[in-house]
Amino acid sequence: MTSTLLTGIGELVTNDERFGGPLGLVQDAAVVVEDGRVAWVGPRRGAPTADARRDLGGRAVVPGFVDSHAHLVFAGDRAAEFEARMAGTPYDGGGIASTVAATRAATEEELRGTLRRLVAEMRAQGTTTVEVKGGYGLTVEDEARSVRLAREVTEEVTFLGAHVVPSEYAGRADDYVALVAGPMLTACAPRARWVDVFCEPGSAHAFDGDQAQVVLEAGAAAGLGLRLHANQLSAGPGVRLAVELGAASADHCTHLTDADVEALAGSSTVATLLPTIEFSTRSPYPDARRLIDAGATVALATDCNPGSGYSSSMPLAVALAVREMRMTPAEALWSATAGGAAALRRTDVGVLRPGARADLAVLDAPSYLHLAYRPGVPLVRALELDA
Ligand SMILES: [Zn+2]
């Protein structure tokens, strides 16, 4: 076991309130890493010795981003749908069917190749934990294949058989829900940690509150944690259902009633906002300030997927949250790290304190403020400790 002392950290974001909340900033900091874990954090002058030493040249260091919502097991792309949308065609979730067809037709090697490329793309932009959903297979075999592939790259695997109703079940959504909550769940649960549903009465392709409840309750009975695509296109029943069932996260939260905001604020359900989706569908952004001011826990994630938003970039999500959703740079960074960890019910990521995973991201800049201050500039990457 070798320990490494990292010095020359001009500004360190720990998300540890012992250093002053909420970001736990330390100037001229050092970190000792041992066996993949943080062993020590603090001002450089108090740092212990270690086997090896590496100087980061005054750069800022933040916890690696925790992207708690991504759809990475798929084939094909939908660039033409994006082009049509930018010309005025509204987004309603209907294009998912074309990705389902491409995914079913793809070989395992093709799916694995795309998945690994996207995870590497994320890591190159500072993301060190990613949740990966299935949801483009929509048969027992294809969803089982999706979660098996996802498990190769992350522990945070989500079964999303209830993404849309596949065309072969058109007009028979309840029959499809029974398949998802029955044999498909049984086939997928052993490799999944979470179950999720696209709950959206505003889409002809997604699921209503009662259908979502059937799938979530079956998932909970199978030992899975709950997450929900909620209130993306309309102020539907999703957020309240997520809170009632104790879901870890309600994702999107674009259209919220006062009762939805109150329910989130009084719960442990994290409101996960996905601003790259509003950017890529040219839709109004969720009201982050309303949620934060009410006391809700807010996470930011990419929702990277080939249809509604094909960005793997957490720095873009941060910049949009600051510019378009009036989050402060500190709030946005917290939500992209500790907030994402809360949405995954993890205490070992999204924070840099002794015992946490040594998931560090380093900026070619003196302060985390540059994440939003210099949008579109590739400043941040995961720190490769053995490099
Ligand atoms: Zn999604």
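These figures come from a predicted structure and were not determined experimentally. (Residues numbered from 1 in each chain as written. Predicted model: local features only at pLDDT ≥ 70, side-chain atom pairs only at ≥ 80, totals over all residues.)

1. Quick look at the overall build of the chain
Part 1: A tally of helices and strands in the chain yields 14 helices and 15 strands.
Part 2: On C-alpha atoms alone, the chain measures out to a radius of gyration of 20 Å, which is about the 21 Å that the 2.2 N^0.38 rule sets for 387 residues.
Part 3: Projected onto its principal axes, the C-alpha coordinates of the chain cover approximately 65 × 45 × 40 Å.
Part 4: Scored against the burial criterion, the 387 residues of the chain give a buried share of 56%. (Helix = DSSP H or I, 4+ residues; strand = E, 2+ residues; numbered from the N terminus. Rg over C-alpha atoms; globule rule 2.2 N^0.38 Å. Buried ≥ 20, exposed ≤ 12 C-beta atoms within 10 Å, placed from the backbone.)

2. What to know about helix H12 (residues 329–336)
Part 1: The buried count for H12 comes to six of eight residues, which makes it a mostly enclosed element.
Part 2: Within H12, burial applies to Glu331, Ala332, Leu333, Trp334, Ser335 and Ala336.

3. Some words on the nonpolar core
Part 1: Counting residues in hydrophobic clusters, the biggest one holds 129 residues, and the most contacted among them are Val31, Val215, Leu228, Val318, Ala321 and Leu333.
Part 2: Both domains that meet at this core, namely domain 1 (3–63 + 351–382) and domain 2 (65–343), each give it at least three residues. (Core = buried A, V, L, I, M, F, W, Y, C linked by C-beta atoms within 7 Å. Domains from an automatic or database assignment.)

4. What about the pairing of strand E3 (residues 37–43)?
Part 1: With six bridges joining them, strand E2 (residues 25–34) and E3 adopt antiparallel strand pairing. For Val32, the partnering residue across the bridge sits in E3 and is Trp40.
Part 2: Hairpin connection from E2 to E3: two residues lie between these consecutive antiparallel strands, with Asp35 at a positive phi of about 55 degrees. (Pairing = 2+ DSSP bridges.)

5. Topic: the sheet that holds strand E8 (residues 157–162)
Part 1: With parallel pairing, seven strands are arranged side by side in an open sheet as E7-E8-E9-E10-E11-E12-E13. The strands lining the two open edges of the sheet, one partner per strand, are strand E7 (132–133) and strand E13 (298–300).
Part 2: Direction of pairing for strand E9 (residues 194–199) relative to strand E10 (residues 225–230): parallel, over a ladder of four bridges. Paired with Cys199 across the two strands is Ala230, which belongs to E10.

6. Overview of the packing of helix H11 (residues 314–325) against H12
Part 1: Orientation of H11 relative to H12, taken along the N-to-C sense of each, is 145 degrees, at an axis distance of 9 Å. In this structure, the crossing between H11 and H12 has a hand that is right-handed. Seen from H11, the contacting residues are Met314, Ala317, Val318, Ala321 and Val322; seen from H12, they are Pro329, Ala332, Leu333, Ser335 and Ala336.
Part 2: Class assignment of the residues belonging to the contact of H11 with H12 gives a composition of nine nonpolar, one polar and no charged. (Axes fitted to C-alpha atoms, helices over the stretch in contact; angles between N-to-C directions. Left-handed = near helix turned anticlockwise from the far one by under 90°. Contact = placed C-beta atoms within 7 Å. Nonpolar A, V, L, I, M, F, W, Y, C, P; charged D, E, K, R; others polar.)

7. Some remarks on the confidence of the model for the chain
Part 1: Per-residue pLDDT for the chain averages 97, and the proportion of residues at 70 or more is 100%.
Part 2: When mean pLDDT is compared element by element in the chain, strand E5 (residues 65–67) scores highest at 99, while helix H1 (residues 79–86) scores lowest at 93. (pLDDT = per-residue confidence, 0-100.)

8. Re the domain arrangement of the chain
Part 1: When the domains of the chain are assigned, the result is domain 1 (3–63 + 351–382) and domain 2 (65–343).
Part 2: At the junction of the two partners, domain 1 supplies 17 residues and domain 2 supplies 19 residues.
Part 3: Elements that contribute at least two residues to the side of domain 1 that touches domain 2 include exactly strand E4 (52–63), helix H14 (370–373) and strand E15 (380–382).
Part 4: Of all the elements, E15 adds the most residues to the side of domain 1 that touches domain 2, at three residues.
Part 5: Each residue belonging to the side of domain 1 that touches domain 2 can be placed in one class, and the counts come to 14 nonpolar, one polar and two charged.

9. Looking at the sheet that holds E15
Sheet strands line up and pair through hydrogen bonds in the backbone, either parallel or antiparallel.
Part 1: The sheet built from six strands is open, its strands ordered E3-E2-E1-E4-E14-E15 with mixed pairing. Every interior strand has two partners, whereas the edge strands, E3 and E15, have only one. Strand-to-strand twist in this sheet, taken as the mean axis angle between neighbours without regard to direction, amounts to 40 degrees.
Part 2: Inspection of the sheet shows strand E1 (residues 3–13) paired to E2 by eight bridges, in the antiparallel sense. In the sheet register, Leu12 faces E2, and the bridge partner there is Val26.

10. A look at helix H5 (residues 173–188)
Part 1: Most pronounced at Val180, the bend in H5 amounts to some 35 degrees, and the proline Pro183 follows within four residues.
Part 2: For H5, the complete set of buried residues consists of Tyr176, Val177, Leu179, Val180, Ala181, Met184, Leu185 and Cys188.
Part 3: Against helix H4 (140–151), E8 and helix H6 (209–221) lie the buried residues of H5. (Bend = angle between axes of the 7 residues up to and from the residue.)

11. Looking at the environment of Gly8
Part 1: Within the secondary structure layout, Gly8 lies in strand E1.
Part 2: As for Gly8 and Ala29, which are separated by 21 residues in sequence, their C-alpha atoms are 7.0 Å apart.
Part 3: Setting aside anything within four residues of it in sequence, one finds Gly8 in contact with Asp55, Leu56, Gly57 and Gly58.

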